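Here's the letter readout for the chains.
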Amino acid sequence: MNILLLSSSYNSLTQHAHVELKALGHRVSVGVATTAEAMREAVRQFPADLVLCPMLAQVIPRDIWEQHMCIILHPGIAGDRGGNSLDWAILNEETQWGVTAVQAAEHMDSGPIWATYEFRMRAASKSSLYRDEVTRAAVRAMLVAVRRFESRLFVPAPLDYSRPEVRGRYRPFVKPEQRQIDWQCDPVAKIVKKIRSGDGAPGVLDEIGGMPVYLYGAHEEGSLVGKPGQIIAQRQGAICRAAVDGAVWISHLKRKGDHADAYFKLPAAMVVADHLADVPEVPVPIHAEIREATFRDIWYEERNDVGYVNFRFYNGAMGTDHCHRLELAMSYARQRPTKVIVLFGGQDFWSNGIHLNLIEAAADPAEESWRNINAMNDFVHSLLTSTDHLTIAAMYGSAGAGGVMMALGADRVLAREGIVLNPHYKGMGGLYGSEYWTYSLPKRVGADLAEQLTERCLPISVHDAKAIGLIDDIVIQDDLGNGSFGRFRNQIIRIAENLADSARFPALLHSKRIQREADERIKPLDQYRREELARMHRNFWGDDPSYHMARTAFVRKQPRPGHLKCSVALEDACRNEHCDEAKRTSASRCALASTGWGEYRSTA
């Protein structure tokens with residue numbers, strides 16, 4: 001079928017839907033539209049048998065759903081309606097939630113139901129649930145709905161609240177006061193729940209030192225105490241604020257401004273630096289065994305000849321300091337008397353490369369970009385040259401740009417079924433990228449495929465990634481239930497321990513050393529790095545400001561000016577004769593085509 005994915009952004013769920021539908025042989029186009037007229041234009045540009053809507057922040061106009069079959073993936077159980085479905089599920093402490101494929105109708109989320117899947121709720125933020133359980137349930141519901149539509153026999157069930165299985169109801173938008181924190185009265189559990197319900201967007205509006213800020217990234221603290229509301233500690237950019245029965249770590253803040261793009265999320269300690277003069281830094285050694293709840297973003301564990309370097313970075317972004325500390329953790333792991341080192345990313349993301357928000361906030365963004373990419377390279381170099389251990393990159397969450405290339409520095413790359421990888425940089429204003437990708441990527445997939453992956457700017461499923469050699473194997477997830485990350489971790493532990501205990505281990509390690517020495521003689525790693533950084537130097541300081549413009553628009557969530565419309569079916573021929581980019585390059589190499597139809601800044 002011809003399927004149009006109509007979405008407010010080319011977010012993680014839209015990317016998942018894209019790769020799954022392509023794998024089934026459907027001809028898929030992506031329409032990124034934030035206004036009613038943009039939706040109409042997308043539908044006109046791509047005649048579709050079915051319009052699927054993975055994520056919409058606005059209502060589909062009547063004239064579209066009256067003329068086209070439109071199925072919306074709503075992040076709620078059957079009968080749930082409203083724009084803050086997952087927010088309410090967290091606030092109301094629902095134990096079961098789900099995703100419903102519902103046909104567009106006059107009243108939002110009230111149309112006939114094509115499919116629904118439920119999952120057990122996890123104690124986590126809205127954004128974390130969305131990227132894991134919601135995405136997996138949505139993909140299942142979508143695929144069932146597509147098969148049912150394709151059969152032309154299935155009749156969707158009308159929404160009927162008298163049926164016992166229809167447990168949802170209409171809920172209005174969550175009002176700011178319903179998330180408001182009373183630091184003098186609210187217990188830790190309630191504070192964490194409120195912040196988690198707004199994580200990602202819109203955040204929880206609060207006040208620190210008279211400055212209105214939005215709170216993100218809540219973590220319970222199990223031992224520190226203080227006067228309720230007082231900031232009592234800081235750690236790696238996070239602040240710890242006391243409550244009536246304990247304390248809460250807050251990793252990120254965003255100042256409230258008169259305009260939506262005036263401020264953006266940053267590590268909390270940066271935003272309230274003026275109020276932290278007397279607040280102690282409370283470090284935790286990476287190898288410390290901690291039994292109580294707290295916040296930390298990097299730590300090391302060890303068992304049975306295997307060392308585990310764990311890292312959890314908000315939204316997968318790795319700033320200069322994150323990279324330096326991860327390199328130190330890797331150095332510590334390499335000094336241990338173990339055989340295998342596992343890099344364990346978080347549940348939300350593996351990594352998305354350099355930290356664009358921190359770069360945007362820097363006094364000199366070009367200089368900070370340079371510092372950040374060099375710090376990333378230092379870490380990847382320590383991974384590539386760890387010839388005293390075998391290394392495994394264990395990817396539970398999706399990855400993009402330098403995060404994918406970072407993983408390729410490991411000897412074995414294992415990824416969870418259902419994530420997507422974006423092994424390219426160019427969508428960020430033509431950024432060239434580094435992390436030794438010109439060495440590690442062609443080594444895995446060959447020069448031709450490496451060029452296609454980095455130029456086409458498209459997501460790739462783990463099944464396709466394995467087929468071309470980008471990753472080594474897939475860890476299958478068998479259900480949507482709670483605890484899937486733990487099962488993934490246990491499987492990786494068994495794989496790592498089996499490798500360490502294998503009779504083949506000495507031969508594998510010897511072969512790795514010989515191969516690294518041979519590669520170094522052919523072309524030293526330092527030469528790859530110099531060549532990559534020469535290209536990035538032009539991105540940062542050259543005459544073309546595209547990278548800086550694209551970064552600013554991305555970080556501040558600004559619509560890209562210029563109204564350069566790109567209408568393509570991604571891999572197919574571009575049909576927009578007015579697009580200057582299409583005139584200069586084939587559609588398969590068009591960076592603007594990477595997110596389908598929308599409004600972009602021209603780089604002409």
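Residues numbered from 1 in each chain as written. Predicted model: local features only at pLDDT ≥ 70, side-chain atom pairs only at ≥ 80, totals over all residues. Heavy atoms only, no water.

1. Digging into the nonpolar core
Step number 1: Ile239, Leu253 and Leu421 are the most contacted members of the largest nonpolar core, which has 90 residues in total.
Step number 2: Per-element tally for this core: the top contributor is helix α11 (residues 365-384), with 8 residues.
Step number 3: With sequence-adjacent residues up to four places away left out, Leu253 is seen in contact with Ile208, Val213, Tyr214, Leu215, Tyr216, Ile239, Phe264, Lys265, Leu266, Ala268, Val271 and Val272.
Step number 4: In terms of nonpolar packing, the next biggest core, distinct from the first, is built from 38 residues, Ile3, Ile71, Ala138 and Val139 among them. (Core = buried A, V, L, I, M, F, W, Y, C linked by side-chain atoms within 4.5 Å. Buried < 20%, exposed > 50% of the residue type's maximum accessible area, 1.4 Å probe, protein only. Helix = DSSP H or I, 4+ residues; strand = E, 2+ residues; numbered from the N terminus. Contact = heavy atoms within 4.5 Å.)

2. Brief notes about the packing of helix α13 (residues 437-445) against helix α18 (residues 525-541)
Step number 1: Following both chains from N to C, one finds α13 and α18 inclined at 110°, their axes separated by 8 Å at the closest point. In this view, α13 runs roughly perpendicular relative to α18, as classed from their interaxial angle. Side by side, α13 and α18 meet where Trp437, Thr438 and Tyr439 of the first sit next to Leu525, Tyr528 and Glu532 of the second.
Step number 2: Classifying every residue of the contact of α13 with α18 by side-chain character gives 4 nonpolar, 1 polar and 1 charged. (Axes fitted to C-alpha atoms, helices over the stretch in contact; angles between N-to-C directions. Parallel < 35°, antiparallel > 145°, perpendicular 65-115°, else oblique. Nonpolar A, V, L, I, M, F, W, Y, C, P; charged D, E, K, R; others polar.)

3. Observations concerning the sheet that holds strand β17 (residues 399-400)
Step number 1: The mixed open sheet is built from 3 strands, whose spatial order is β17-β19-β20. The open sheet is flanked by β17 and β20 (460-461), the only strands paired with a single partner.
Step number 2: With 2 bridges connecting them, β17 and strand β19 (residues 420-422) associate as parallel partners. Bridge pairing in β19 places Gly400 opposite Asn422. (Pairing = 2+ DSSP bridges.)

4. Structural notes on the sheet that holds strand β5 (residues 96-103)
Step number 1: In space, the 6 strands of this open sheet follow the order β2-β1-β3-β4-β5-β6, with mixed pairing throughout. Whereas interior strands pair on both sides, the edge strands pair on one side only; in this sheet they are β2 (27-32) and β6 (113-120). Direction aside, the axes of adjacent strands within the sheet are offset by 20° on average.
Step number 2: Two elements, β5 and β6, share 7 bridges in a ladder whose sense is antiparallel. Looking at the pairing, Ala101 lines up with Ala115 of β6.

5. As for the packing of aromatic side chains
Step number 1: Tallied over the entire structure, the rule returns 16 aromatic pairs.
Step number 2: Aromatic pair Tyr432 and Trp437: ring centres 5.5 Å apart, planes at 50°, arrangement tilted.
Step number 3: Judged by relative accessible area, Tyr432 falls into the partly exposed class, the value being 22%.
Step number 4: Overall, Trp437 belongs to the buried group, its relative accessible area being 9%.
Step number 5: When the ring of Phe540 is compared with that of Tyr547, the centres are 5.3 Å apart and the planes differ by 50°; the resulting orientation is tilted.
Step number 6: Overall, the relative accessible area of 3% leaves Phe540 in the buried class.
Step number 7: Using a relative accessible area of 1% as the deciding quantity, one classes Tyr547 as buried.
Step number 8: Members of the aromatic cluster, connected to one another through ring pairs, are Tyr308, Phe344, Tyr396, Phe485 and Phe488.
Step number 9: The ring of Phe149 has Arg152 lying over it, and the distance from NZ or CZ to the ring centre is 4.3 Å. (Phe/Tyr/Trp six-rings, centres within 6.5 Å; stacked < 30°, edge-to-face > 60°. Lys NZ or Arg CZ within 6 Å of the ring centre and 35° of its normal.)

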